[in-house]
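# Overview (structure and organization)
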Amino acid sequence: DAGITQSPRHKVTETGTPVTLRCHQTENHRYMYWYRQDPGHGLRLIHYSYGVKDTDKGEVSDGYSVSRSKTEDFLLTLESATSSQTSVYFCAISEHLGNQPQHFGDGTRLSIL
Amino acid sequence: AQKITQTQPGMFVQEKEAVTLDCTYDTSDQSYGLFWYKQPSSGEMIFLIYQGSYDEQNATEGRYSLNFQKARKSANLVISASQLGDSAMYFCAMREGVAAGNKLTFGGGTRVLVKP
């Protein structure tokens, strides 16, 4: 299995609080991604990174920011969490080649009350 | 318009029978890739199979095969000899073009329940 660790695995917090989710990889892959999964929507890309300090927005980036200061770590921050950000968040990694699949972490279940 | 459409929200299949999961896509790129993932009730995302737009043969991986019909823009997953452990959500995803990022767009998924 690809070495991807997401932390925390579960979190409950209140509206308006900041939240940071961490994705750590041991595969030295260049690309890292954050998705959210909601019923009926499959997975939707929030942000992705194509190298250290190189990030870009995905389909549903509003309300989220990311940082990648090291190859192995990709952080997702909700500056001021809202109830609409209650979701399951997945981190994924991939190598450069287009035929290489993305490999996913086990997900973080985030509830915002 | 949705880029990836999975029209079957859920389906039952008898154990040991084959099942076909539909996936249609929309892209204007010539170079793209199609992926299928499995998500069991435990929640992890498991890569199953890949088909490139320039691949001349349909992809196969064990009991999984991909029925790729480029002109119809469909990439259906076929699971042969279904097993109880195949009960899961299945997602079709597409990577477009060769732009940086290797980004994937996912369909809404199909839930499969295998009956003994």
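Figured I'd write up the structure that's included with this text. Note that the structure is predicted; figures quoted are calculated from it, not measured.

## Comments concerning the overall build of chain A
In terms of helices and strands, chain A carries zero helices and 11 strands. Radius of gyration (C-alpha) of chain A: 13 Å, near the 13 Å computed for a compact globule of 113 residues. Taking the principal axes of the C-alpha coordinates as reference, chain A spans close to 40 × 30 × 25 Å. Per-residue burial for chain A yields a buried fraction of 48% across its 113 residues. Surface accessibility of chain A: about 5,400 Å² in total, with carbon and sulfur atoms responsible for 45%.

## With respect to the side chain of A:R44
Relative to the helices and strands, A:R44 resides in strand 5 (residues 42-51). If near-sequence neighbours (up to four positions away) are discounted, A:R44 is found in contact with A:W34, A:Y35, A:R36, A:D38, A:E59 and A:V60.

## Overview of the interface of chain B and chain A
In this assembly, 18 residues from chain B lie in contact with 22 residues from chain A. Both faces combined, the contact of chain B with chain A buries some 1,600 Å², and carbon together with sulfur accounts for 58% of it. Applying the counting rule to chain B against chain A returns zero salt bridges. The interface formed by chain B and chain A contains two residue pairs in polar contact (both at pLDDT 80 or more). At three residues, the largest contribution of residues to the side of chain B that touches chain A is made by strand 5 (residues 32-39) of chain B. When its residues are assigned to classes, the side of chain B that touches chain A shows nine nonpolar, six polar and three charged.

## Quick word on the sheet that holds strand 3 (residues 19-25) of chain A
Residue and element names in this part refer to chain A. What the four strands build is an open sheet, ordered 1-3-8-7; its pairing is antiparallel. Edge positions in the sheet fall to strand 1 (4-7) and strand 7 (64-70), since each of these pairs with one other strand and no more. Averaged over neighbouring strand pairs, the angle between their axes works out to 15 degrees when direction is ignored. Relative to strand 3, strand 1 is paired through four bridges, and the arrangement is antiparallel. Within the sheet, the bridge partner assigned to I4 lies in strand 3 and is Q25.

## Brief notes about the state of the cysteines
Residue and element names in this part refer to chain A. For the coordinates displayed, the defined rule picks out two disulfides over all chains. Between C23 and C91 runs a disulfide, and the two sulfur atoms are separated by 1.8 Å. Linking C23 and C91, the disulfide has an S-S dihedral of approximately -70 degrees and is accordingly described as left-handed. Residue C23 is found in strand 3, and its partner C91 is found in strand 9 (residues 87-94); the two are separated by 68 residues along the sequence. Given the relative accessible area of 0%, C23 is considered buried.

## What about the nonpolar core?
All names here are of chain B. L21, Y25, L34, W36, I49, L77 and Y90 are the most contacted members of the largest nonpolar core, which totals 24 residues. Secondary structure elements with two or more residues in this core: strand 3 (19-21), strand 5, strand 6 (46-52), strand 8 (64-69), strand 9 (74-79), strand 10 (88-96) and strand 12 (110-115). Here the element with the most residues in this core is strand 10; it accounts for four residues. Residues within four places of Y90 in sequence aside, it is in contact with Q6, L21, W36, Y37, K38, L48, L77, I79, G109, T110 and V112.

Each value, and the rule that gives it
Residues numbered from 1 in each chain as written. Chains lettered and ligands numbered in written order. Predicted model: local features only at pLDDT ≥ 70, side-chain atom pairs only at ≥ 80, totals over all residues. Heavy atoms only, no water. Helix = DSSP H or I, 4+ residues; strand = E, 2+ residues; numbered from the N terminus. Rg over C-alpha atoms; globule rule 2.2 N^0.38 Å. Buried < 20%, exposed > 50% of the residue type's maximum accessible area, 1.4 Å probe, protein only. Areas by Shrake-Rupley, 256 points an atom, 1.4 Å probe, with all protein chains shown as cover. Contact = heavy atoms within 4.5 Å. Buried area = accessible area lost by both parts, 1.4 Å probe. Salt bridge = Lys/Arg side-chain N within 4 Å of Asp/Glu carboxyl O. Polar contact = N/O pair within 3.5 Å; in protein donor to acceptor, adjacent residues only side chain to side chain. Nonpolar A, V, L, I, M, F, W, Y, C, P; charged D, E, K, R; others polar. Pairing = 2+ DSSP bridges. Axes fitted to C-alpha atoms, helices over the stretch in contact; angles between N-to-C directions. Disulfide = S-S within 2.5 Å. Core = buried A, V, L, I, M, F, W, Y, C linked by side-chain atoms within 4.5 Å.

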